Amino acid sequence: MRRVDYRDLLGGGLITVAGAAAMYHSLTSFTLGTSDRMGPGYFPALVGGVLALCGLAILIPALLRAGPVPTFEWRPLLWISLSTLAFALLLVPFGLIPAIIGQTILAGISDCKLSWKGSLILAVGVAVGATLLFKVALGLIVPVFAWPW
């Protein structure tokens, strides 16, 4: 055990940096406007500021408590990155449902405790939920199933 909780310190620091970067980018690249007439940079700046504050809320208490030293694992990093890439490559040629099923199965490989059956059940559930959310509720123009030929 260390005198600082490095896991929350690292996570809170990354969240704070991401929020501050988003806020800085939206403040310098877009017009802000007012709360009555919001410009294109208003909402991203607001969300970036809230994200930075949440990161600080995680980071500051981490300095005051002990915690274990985190270990770095390559397997989750590899499979989650590949799942994101697979979603991006599968979405346009095959559609939303095959892309989500492929992404979820690849992401499930990163967890040693998740079986193939559990991964497949999760993939179908996420695909149904995403279809209901993006196609039905939001009316997003993305094909549910598509074939590249």
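See the structure above.
These figures come from a predicted structure and were not determined experimentally.

(A) Layout of the pattern of salt bridges. As enumerated under the stated definition, the model contains 2 salt bridges in all. Its salt-bridge partner being Arg65, residue Asp5 comes within 3.2 Å of it at the nearest N-O pair. Placement of Asp5 in the segment before helix H1 (6-29) and of Arg65 in the loop between helix H2 (42-62) and helix H3 (74-94) is noted, with a sequence separation of 60 residues between them. Among the residues examined, Asp5 registers a relative accessible area of 9% and is labelled buried. Residues Asp8 and Arg65 are paired through a salt bridge, measuring 2.2 Å at the closest nitrogen-oxygen approach. On the criterion of sequence distance, the pair formed by Asp8 in helix H1 and Arg65 in the loop between H2 and H3 is long-range, its members being 57 residues apart.

(B) Region of interest: H2. Counted at 1.5 Å a residue, the expected span for H2 with its 21 residues is 30 Å, and the 31 Å between its end C-alpha atoms agrees. Among the residues of H2, Ala45, Gly48, Gly49, Ala52, Gly55, Leu59 and Ala62 are the ones counted as buried. The buried side chains of H2 occupy one side of the element, clustering within an arc of 135 degrees when seen end-on. Seen from the open side of H2, the exposed residues pointing more than 90 degrees away from its buried face are Phe43, Leu53 and Ala57. Structurally, H2 contributes buried residues whose contacts are with H1.

(C) Broad picture of H3. Its 21 residues give H3 an end-to-end C-alpha distance of 29 Å, which sits within 8% of 30 Å, the value for a rise of 1.5 Å per residue. The positive-phi residue at the C-terminal boundary of H3 is Gly95, with phi of around 105 degrees.

(D) Quick peek at the nonpolar core. Of all hydrophobic cores here, the largest spans 6 residues; its members are Leu96, Ile97, Ile100, Ala127, Ala130 and Val142. Residue assignment for this core shows that the elements contributing at least two residues are helix H4 (96-109) and helix H5 (116-137). Broken down by element, the residue count for this core peaks at 3 residues, all from H4. Leaving out residues up to four positions away in the same chain, Val142 has contacts with Leu91, Leu96 and Lys135.

Cut-offs applied
- Residues numbered from 1 in each chain as written.
- Predicted model: local features only at pLDDT ≥ 70, side-chain atom pairs only at ≥ 80, totals over all residues.
- Heavy atoms only, no water.
- Salt bridge = Lys/Arg side-chain N within 4 Å of Asp/Glu carboxyl O.
- Helix = DSSP H or I, 4+ residues; strand = E, 2+ residues; numbered from the N terminus.
- Buried < 20%, exposed > 50% of the residue type's maximum accessible area, 1.4 Å probe, protein only.
- Expected span 1.5 Å × (residues − 1).
- Arc of directions from axis to C-beta.
- Contact = heavy atoms within 4.5 Å.
- Core = buried A, V, L, I, M, F, W, Y, C linked by side-chain atoms within 4.5 Å.

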